[in-house]
Amino acid sequence: MKTEGAKPLVWVGTSKDDLKKFPGEVQQRIGFALFQAQIGIKPWDAKPLSGFGSGLLEVVSRFDKETYRAVYTVKFTGVLYVLHAFQKKSRKGIATPKSELDLVKQRLKVAEQHYQNTY
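The model shown is predicted, which means the values in this text are computed figures rather than measured ones. (Residues numbered from 1 in each chain as written. Predicted model: local features only at pLDDT ≥ 70, side-chain atom pairs only at ≥ 80, totals over all residues. Heavy atoms only, no water.)

**Here's the deal with the sheet that holds strand 2 (residues 46-48)**
We apply this condition: Each pair of strands is called paired provided DSSP finds at least two bridges between the two strands. Elements are defined by DSSP. Helices are runs of H or I of four residues or more, strands are runs of E of two residues or more, and each kind is numbered from the N terminus. The angle between two axes is taken between their N-to-C directions and runs from 0 to 180 degrees, where each axis is a line fitted to C-alpha atoms and a helix contributes only its stretch in contact. Whether two residues are in contact is decided by their heavy atoms, any of which lying within 4.5 Å being enough.
As summarised here, the arrangement of the five strands in space is 1-5-4-3-2, forming an open sheet in which the pairing is mixed. Across the chains shown, the open sheet's two edge strands, defined by having one partner strand only, are strand 1 (9-11) and strand 2. If you compare each strand with its neighbour and ignore which way they point, the axes differ by 35 degrees on average. Direction of pairing for strand 3 (residues 56-63) relative to strand 4 (residues 66-73): antiparallel, over a ladder of eight bridges. The residue bridging leucine 56 from the neighbouring strand is threonine 73, located in strand 4. Lying on the sheet, helix 2 (residues 24-38) is in contact with strand 1, strand 3, strand 4 and strand 5 (80-88); it crosses strand 3 at an angle near 155 degrees. Along the sheet, helix 3 (residues 98-118) makes contact with strand 1, strand 3, strand 4 and strand 5, crossing strand 5 at roughly 165 degrees.

**Examining the nonpolar core**
Put simply, the rule is: Among buried residues, the Ala, Val, Leu, Ile, Met, Phe, Trp, Tyr and Cys ones that are joined through side-chain atoms within 4.5 Å form a nonpolar core. Only protein chains enter the accessibility calculation, which uses a 1.4 Å probe; a residue is then buried when its area is under 20% of its type maximum, exposed when over 50%, and partly exposed in between.
The biggest cluster of nonpolar side chains holds 16 residues, and the ones touching the most others in it are Phe22, Ile30, Leu34, Val59 and Tyr72. Elements supplying a minimum of two residues to this core: helix 2, strand 3, strand 4 and strand 5. Discounting chain neighbours no more than four positions away, the residues touching isoleucine 30 are Leu19, Phe22, Val59, Ser61, Arg69 and Ala70. Core analysis: the second largest hydrophobic core is formed by 15 residues, Leu49, Tyr81, Phe86 and Val104 among them.

**Some thoughts on the pairing of strand 5**
Strand 5 sits mainly inside the fold: eight of its nine residues count as buried. Bridge analysis of strand 1 against strand 5 gives three bridges, and the strand direction is parallel. Counterpart to leucine 9 in the pairing with strand 5 is leucine 80. Taken together, the seven bridges between strand 4 and strand 5 define a ladder with antiparallel strand orientation. Each residue of the ladder has a partner; that of alanine 70, found in strand 5, is alanine 85.

**Some words on the packing of aromatic side chains**
Rule in force here: Only the six-membered ring of Trp is used, alongside the rings of Phe and Tyr, when aromatic pairs are assigned; centres must lie within 6.5 Å, and planes under 30 degrees apart are stacked while those over 60 apart are edge-to-face, with the rest tilted.
If you walk through the whole model with that rule in mind, you get four aromatic pairs. Where phenylalanine 22 meets tyrosine 68, the ring centres are 4.9 Å apart and the plane angle is 55 degrees; that geometry is what we call tilted. Highlighted residues: phenylalanine 22 in the loop between helix 1 (15-20) and helix 2 and tyrosine 68 in strand 4, separated in sequence by 46 residues. For the pair phenylalanine 22 and tyrosine 68, one class covers both residues: buried. Between phenylalanine 76 and tyrosine 81, the ring centres sit 5.4 Å apart and the planes meet at 80 degrees, which makes this aromatic pair edge-to-face. Like phenylalanine 76, the residue tyrosine 81 is buried in the burial classification. Taken together through their ring pairs, the aromatic side chains of Phe76, Tyr81, Tyr115 and Tyr119 make up a single cluster.

**Quick word on the pairing of strand 4**
In terms of burial, strand 4 is largely enclosed, as seven of its eight residues are buried. Hairpin connection from strand 3 to strand 4: two residues lie between these consecutive antiparallel strands, with aspartate 64 at a positive phi of about 50 degrees. Counted between consecutive antiparallel strands, the loop separating strand 4 from strand 5 contains six residues, among which glycine 78 sits at a positive phi close to 80 degrees.

Scope: geometric values only; no functional claims are made or implied.
Encoded structure:
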């Protein structure tokens, strides 16, 4: 669905393919949250991803006792980058595993480079 004035959505790395592996209900919830972000509405289920400063948000969706997450950034004017989508496997605590945060950091650099070269 395209809406006049919606920011383009850019998928970094395997984030789109990873999201497509989630259960349908989770895909719909996260997809709707991303659409809201595209049109300038902060999704109610999005929260800042700690450790990255402002502009990185995480949507968390729980389904069938599992937790799914998508990380996106609104740091860049006029475009929204989806950096990562993953299922949280750890049963200990709510913290995002370091390996997932490292991937977000790496993909944020890719997004920054893409933005500089494209916009």
